[in-house]
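Residues per chain, in single letters:
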Amino acid sequence: QCLAKGPTIFIFLTINLRAVEESATIRLLSKFFIMAPCWVMPSSALKAGARSSTISKTGRHFSSTHSHRAKRAVALLPSYLSDARAVVKYSPSTPDGALQLGVAENQMLEDLLMPATKKFCNATAFTEDCIYYQPTSGRPEVRDAFCNYLQRLLKLPESLDRDGLIMGAGCNAVLENLCITLASPGEGVLVPTPYYAAFEFDLVARAGLSIIPVNALGQSGHGVAKETTISREAYYPSKASLTKSLADAKQEGESPRILLLSHPNNPLGISYPQSVIRDCIDWCRENKIHLVSDEIYAGSIYRSNDFTSALKLVGPGKLGPYIHFVYALSKDFALSGLRVGACYSENLDIRMALQKLNDLCQISSQTQKFIEAMVMETTEDGEFWTTSFLKENNSRIRARCDAVQSLLSEYEIPFLPADSGLFIWIDLSRYLPRIESNESEEDLACMERRERVLYLELMNEWGLLFTPGLSMRHDQPGFFRCVFTAATEVEFHLALKRLRNFAESKK
């Protein structure tokens, strides 16, 4: 695998080792290839660390103030984040600032959440056992309660095995730990495009895995645009697209071990139909590839009943060693600050490893008791509080999505009709700047330049911060993710006004 990528890496090393004696060069190269799985990273990360690096007398590559891994972690971050961080954000004191519509948060629920959270806190007794070390996978009582909650949410025919549930500090933490137990450093994770940009950090920075994009567009037989709406089918992963990506990866020396599905999908804002999930399950079992179904938006299905969890399709107790599940409370309940995530697996070979890895990202005992109270609470009508809360939440999400889609339709801006999650996928490619005479439309550098110009125009001139599609490995420029829940009511209506002004200016 490393030799397949050797030319790029070797050029980097020789450039930086000209002044080093031959013996030291040989020692460093040998150490690199022996330890290669821990060093695998994008070429951009290598370039980012080239200037300030030095070589010690023993031939080790290091920096005087921070490690190579620290440089790699920064280099893995999407480049657009530096622009987003630098711009002045909207606030009452900076009314012309940019509206942050690129972070997947839900800011519509404080009126429902604050009274409820105070009630749960008051009802939660801090007992003596809470001050001591807790079971690394979570307190038994909270895992029982969470298993019951997931059974209700996902409409599972049978209960989950408590011993298969690990509760940790957020979805990214439990996902990283799960993937560490399923694949070794340098091995690949297949992810259908476009995908949540932070996967490239979450699974590479410490786990050392390799993200392998699966492009369904060329294999689906469907075009992206369909008048003013975008075809959903164009983005469905299929056995054909998965098989091609697997073969291409192996041809390049990669060793894919995991297929990671975002279901409902981030950034597309849609749920995959049962047939797609079933094909992915069957394909993974046939090829002995682990399927990880990231269902963090499973409670935010606001327009259709198409969503079916991978857990329900297979059934608790029947997952076998290759089907796994992750979830968190960050999105459905707007509780990203509590850091509550969960993964479920029936693979007995990884349970002990998962429990031990979770030692590094446990949830505090008091937060666990809070969550236990929350998912067990019932209303005066006998309905679970989580059920009534999600009904109201989905009603609000649907209303905002309708408002955005109505405006886009008015100006004939193509979009993917959304049914789940907190966002909508928009095609703004008609507003891209023209191609320069020395550029090729299919060249990545050309696509990145044109999309960045439009991204900066939206941000600096119109005060709209969206997530650019190329950062999510979309293969065409000009597509953006708009998180319409990441704003207060005042900010949301201002965002609609600004988007309308932008569209008017382009007539």
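A brief report on the enclosed structure follows. (Residues numbered from 1 in each chain as written. Predicted model: local features only at pLDDT ≥ 70, side-chain atom pairs only at ≥ 80, totals over all residues. Heavy atoms only, no water.)

**Let's talk about helix H19 (residues 489-505)**
With 17 residues, H19 should cover 24 Å at 1.5 Å per step; its first-to-last C-alpha distance of 25 Å lies within 8% of that length. Looking at H19, one finds that the buried residues are Glu 491, Phe 492, Ala 495, Leu 496, Arg 498, Leu 499, Phe 502 and Ala 503. The buried residues of H19 occupy an angular sector of 165° when projected down its axis, which confines them to one face. Seen from the buried face of H19, the exposed residues on the opposite side, beyond 90 degrees, are Val 490 and Lys 497. Buried residues along H19 sit in contact with strand E3 (99-100), helix H17 (385-410), helix H18 (444-460) and strand E15 (464-465). (Helix = DSSP H or I, 4+ residues; strand = E, 2+ residues; numbered from the N terminus. Expected span 1.5 Å × (residues − 1). Buried < 20%, exposed > 50% of the residue type's maximum accessible area, 1.4 Å probe, protein only. Arc of directions from axis to C-beta. Contact = heavy atoms within 4.5 Å.)

**A closer look at the sheet that holds strand E4 (residues 165-168)**
The 7 strands are arranged E4-E12-E11-E10-E9-E5-E6 in an open sheet whose pairing can be described as mixed. Two strands lie at the open edges of the sheet, namely E4 and strand E6 (210-214), each paired on one side alone. Between one strand axis and the next, the sheet turns by 25° as a mean value, whatever way the strands run. In terms of strand pairing, E4 meets strand E12 (residues 341-345) through 4 bridges, oriented antiparallel. Looking at the pairing, Met 167 lines up with Ala 342 of E12. Where helix H13 (residues 274-287) meets the sheet, it contacts strand E5 (188-192), strand E9 (256-262), strand E10 (290-294) and strand E11 (323-328), and its direction lies at approximately 170° from that of E9. (Pairing = 2+ DSSP bridges. Axes fitted to C-alpha atoms, helices over the stretch in contact; angles between N-to-C directions.)

**Description of the pairing of E11**
In terms of burial, E11 is largely enclosed, as 6 of its 6 residues are buried. Of the two faces of E11, the one lined by Ile 323, Phe 325 and Tyr 327 and the one lined by His 324, Val 326 and Ala 328 are each fully buried. Here E10 runs beside E11; their pairing, made up of 4 bridges, is parallel. Across the sheet, Leu 291 pairs through a bridge with Ile 323, a residue of E11. Bridge count for E11 against E12 is 5 bridges, and the pairing is antiparallel. Within E12, the position partnered with Val 326 by the bridge is Cys 343.

**What about the nonpolar core?**
Counting 144 residues, the largest nonpolar core has Phe 146, Tyr 149, Tyr 327 and Phe 333 as its most contacted members. Ignoring any residue separated from it by four or fewer positions in sequence, one finds Phe 333 in contact with Leu 113, Tyr 149, Tyr 327, Met 374, Trp 385, Thr 386, Phe 389 and Leu 390. (Core = buried A, V, L, I, M, F, W, Y, C linked by side-chain atoms within 4.5 Å.)

**So, empty space enclosed by the protein**
Tallied over the entire structure, the rule returns 2 cavities of 30 Å³ or more. Along the walls of the largest cavity sit Leu 101, Val 404, Leu 464, Phe 466, Cys 482, Phe 484, Phe 492, Ala 495, Leu 496 and Leu 499, which together make up its complete lining. When residues of the lining of the largest cavity are assigned to their parent elements, the largest contribution, 4 residues, is made by H19. Considered class by class, the residues forming the lining of the largest cavity number 10 nonpolar, no polar and no charged. In this structure, the second largest cavity encloses a volume near 40 Å³. Forming the walls of the second largest cavity are Val 191, Pro 192, Pro 194, Tyr 195, Phe 199, Leu 260, Leu 261, Ser 262, Asn 265 and Tyr 272. Sorting the residues of the lining of the second largest cavity by element identifies E5 and E9 as the ones contributing at least two each. It is E9 that contributes the most residues to the lining of the second largest cavity, 3 residues altogether. Residues belonging to the lining of the second largest cavity are distributed by class as follows: 8 nonpolar, 2 polar and no charged. (1 Å grid on protein atoms, 1.4 Å probe; cavity = no way out; pocket = protein on both sides within 12 Å on 5 of 7 lines; lining within 4 Å. Points joined across faces, edges and corners; volume = space filled by probe spheres on them. Nonpolar A, V, L, I, M, F, W, Y, C, P; charged D, E, K, R; others polar.)

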